[in-house]
Amino acid sequence: MHAILRRVAMGAMALSLTAPLAACGNDDDGAAVDNRSIGLLLPENNASRYEEFDRRIISSRVASLCLECELDYRNAKSDVATQKKQFDALVSKGVRVIILDPVDAAASRSWVDKAAKKGVKVVAYDRLAEGDVAAYVSYDNEEIGRLQAKGLAAVLGSRAATSDVVMMNGSPSDPNAPSFKKGAHEILDRKVRKIIYEKDIQDWSAAEAKKKMTEVIDDLGPAGFDAVYSANDGMAGGIAEALESAGIENVPLGGQDAELPALRRLVSGSQTFTIYKEVRPEAQTAAEIAVRLLQGKSIKSLTPTTADSKSKSGIPAKLFEAQIVTRKNLEDTVVRDGVVRTDWLCKDLTAACKSLGLE
């Protein structure tokens, strides 16, 4: 996603980044630690969710469940080689459980398998890493793709069957991206006339999505398409800029993650919907699974289903459900849950917010 900002109560934002349990992100091997340490490897810092939400919630949950535990956190900043170095450093230090959100799921297979042979338990978080992972915590990604497509079809309404759609899919290195795309195609291929342009966007780049959308507009003209599917909100931001630059209005545009800029676009009308995935339950569950694995306890009650990767089947898993957010249900979803304050949402958008009952 990346894929991916999924929502949490604002109380999570108050947690300190300097919490005592967090050994903050240096990549040297350092001295060996005992088995009270849990590693946390997040893939990038372009999306605000990882630093502002995932890291803080996981840190807090580990601390509440295990006073003697320490969390060793590192961020790969979208670089596979960096993440491998970070992973290997944790294993070398003697960390027995690692929560891993991989930059590139396929590339992680050899590290995960090597670590598993040494008794290291890997919890795949948000993205399903390849290799011998012990558990997986995420959302039902094909269902998210279906939700996105249903949202687009609902906005098109009776025009859907004669509509042409542009699809901007997620990064090919993200294992979630094909699932989003597959789910979306299940709906769009039946509901709309044609997918007239489709592109996978490397690293979920907003700038690249804007560039490709500009090319589509130049090639097809402002009236050459009826709606745009964007696999996430970051890319939707770039697409919205391209549409605005071309003077195109009222073209349905969907995203995913319920990031603040996207929620503000919902208010202003330049984005039609987003997908709301709460970070809190996902992050807390990953933390609890990691603590139980560290303590040698069963994780069965936390993993009611299973998932299959290309390299392993029957992985114990917990998959959460998401929901569509439009301007009509902002108050009953992200505002109600404390994901965003109305003063942030409504800054310089007072009239639009009043029309939605948000002020």
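Residues numbered from 1 in each chain as written. Predicted model: local features only at pLDDT ≥ 70, side-chain atom pairs only at ≥ 80, totals over all residues. Heavy atoms only, no water.

Asker: I keep staring at the pairing of strand β4 (residues 97-100) and nothing clicks. Help me out?
Answerer: Two faces make up the sheet, and in a regular strand the side chains alternate between them. Covered by surrounding structure in β4 are V97 and I99 together with I98 and L100, the residues of both alternating faces. Relative to β4, strand β2 (residues 37-42) runs parallel, the two being bridged by four bridges. Note that in β4 the partner of G39 across the bridge is I98. In terms of handedness, the path from β4 via helix α3 (residues 109-117) over to strand β5 (residues 121-125) forms a crossover that is right-handed. (Buried < 20%, exposed > 50% of the residue type's maximum accessible area, 1.4 Å probe, protein only. Helix = DSSP H or I, 4+ residues; strand = E, 2+ residues; numbered from the N terminus. Pairing = 2+ DSSP bridges. Right-handed = clockwise from strand over helix to strand, strands pointing away.)

Asker: I'm lost on the confidence of the model for the protein chain in this one. Help?
Answerer: Any residue range with low pLDDT should be treated as having predicted coordinates unsuitable for detailed reading. On average, residues of the protein chain carry a pLDDT of 90, and 90% of them reach 70 or more. For residues 1-33, every residue scores under 50 in pLDDT, and the model assigns this stretch 105 contacts once sequence neighbours within four places are set aside. (pLDDT = per-residue confidence, 0-100. Contact = heavy atoms within 4.5 Å.)

Asker: Even after reading the chapter, I still don't get the nonpolar core, so can you show me in this structure?
Answerer: One recurring pattern in soluble globular proteins is that nonpolar side chains are buried together. Within the largest apolar cluster, 72 residues are counted, with the highest numbers of intra-cluster contacts made by I38, I58, M213 and F225. Broken down by element, this core gets its largest block of residues, nine residues, from helix α9 (residues 279-294). If we ignore the near neighbours within four places in the chain, the residues touching M213 are V166, M168, F225, V228, I239, A242 and L243. F87, V91, A307 and I315 belong to the second largest nonpolar core, which has 20 residues in total. (Core = buried A, V, L, I, M, F, W, Y, C linked by side-chain atoms within 4.5 Å.)

Asker: Sorry, what's going on with the packing of helix α2 (residues 80-93) against α3 here?
Answerer: Each packed pair of helices is defined by two parameters, the angle between the axes and the distance between the axes. In the contact formed by α2 and α3, the axes pass within 11 Å of each other and the chain directions differ by 5 degrees. Judged by the inter-axis angle, α2 sits roughly parallel to α3. Contact with α2, carried on its side by V80, Q83, K84, F87 and V91, involves W111, V112 and A115 of α3 and no other residues of that element. Along the lines of polarity and charge, the residues of the contact of α2 with α3 split into six nonpolar, one polar and one charged. (Axes fitted to C-alpha atoms, helices over the stretch in contact; angles between N-to-C directions. Parallel < 35°, antiparallel > 145°, perpendicular 65-115°, else oblique. Nonpolar A, V, L, I, M, F, W, Y, C, P; charged D, E, K, R; others polar.)

Asker: Where do I start with the sheet that holds strand β9 (residues 227-230) in this structure?
Answerer: The strands that make up a sheet are held in pairs by hydrogen bonds between backbone atoms, and each pair lies either parallel or antiparallel. The strand order β8-β7-β9-β10 describes an open sheet built from four strands, whose pairing is parallel. Here the strands that pair on one side only, and so sit at the sheet edges, are β8 (194-200) and β10 (253-254). With two bridges connecting them, β9 and β10 associate as parallel partners. Residue pairing for β10: Y229 is matched across the bridge by G254. Relative to the sheet, helix α5 (residues 176-191) contacts β7 (164-169), β8 and β9, its axis offset from that of β8 by approximately 175 degrees. Here helix α6 (residues 206-220) sits on the sheet and contacts β7, β8 and β9; the angle it forms with β7, its principal contact strand, is near 155 degrees.

Asker: Help me out: how do you make sense of the side chain of D101 in this one?
Answerer: Positionally, D101 belongs in the loop between β4 and α3. Excluding its chain neighbours within four sequence positions, the residues that come into contact with D101 are L41, L42, P43, Y50, Q83, Y125, D126 and R127.

Asker: I would appreciate a short explanation of the state of the cysteines in the present structure.
Answerer: Every disulfide links exactly two cysteines, by a covalent bond between their sulfur atoms. Counting across every chain of the model gives two disulfides. The disulfide partner of C66 is C69, and the S-S distance across this bridge is 1.9 Å. The sign of the 75 degrees torsion about the S-S bond sets the C66-C69 disulfide as right-handed. When its relative accessible area of 5% is taken as the criterion, C69 is described as buried. Each sulfur of the disulfide joining C346 and C353 lies 2.0 Å from the other. Because the torsion about its S-S bond is -95 degrees, the bridge between C346 and C353 counts as left-handed. In this structure C353 comes out as buried when scored by relative accessible area, which is 0%. (Disulfide = S-S within 2.5 Å.)

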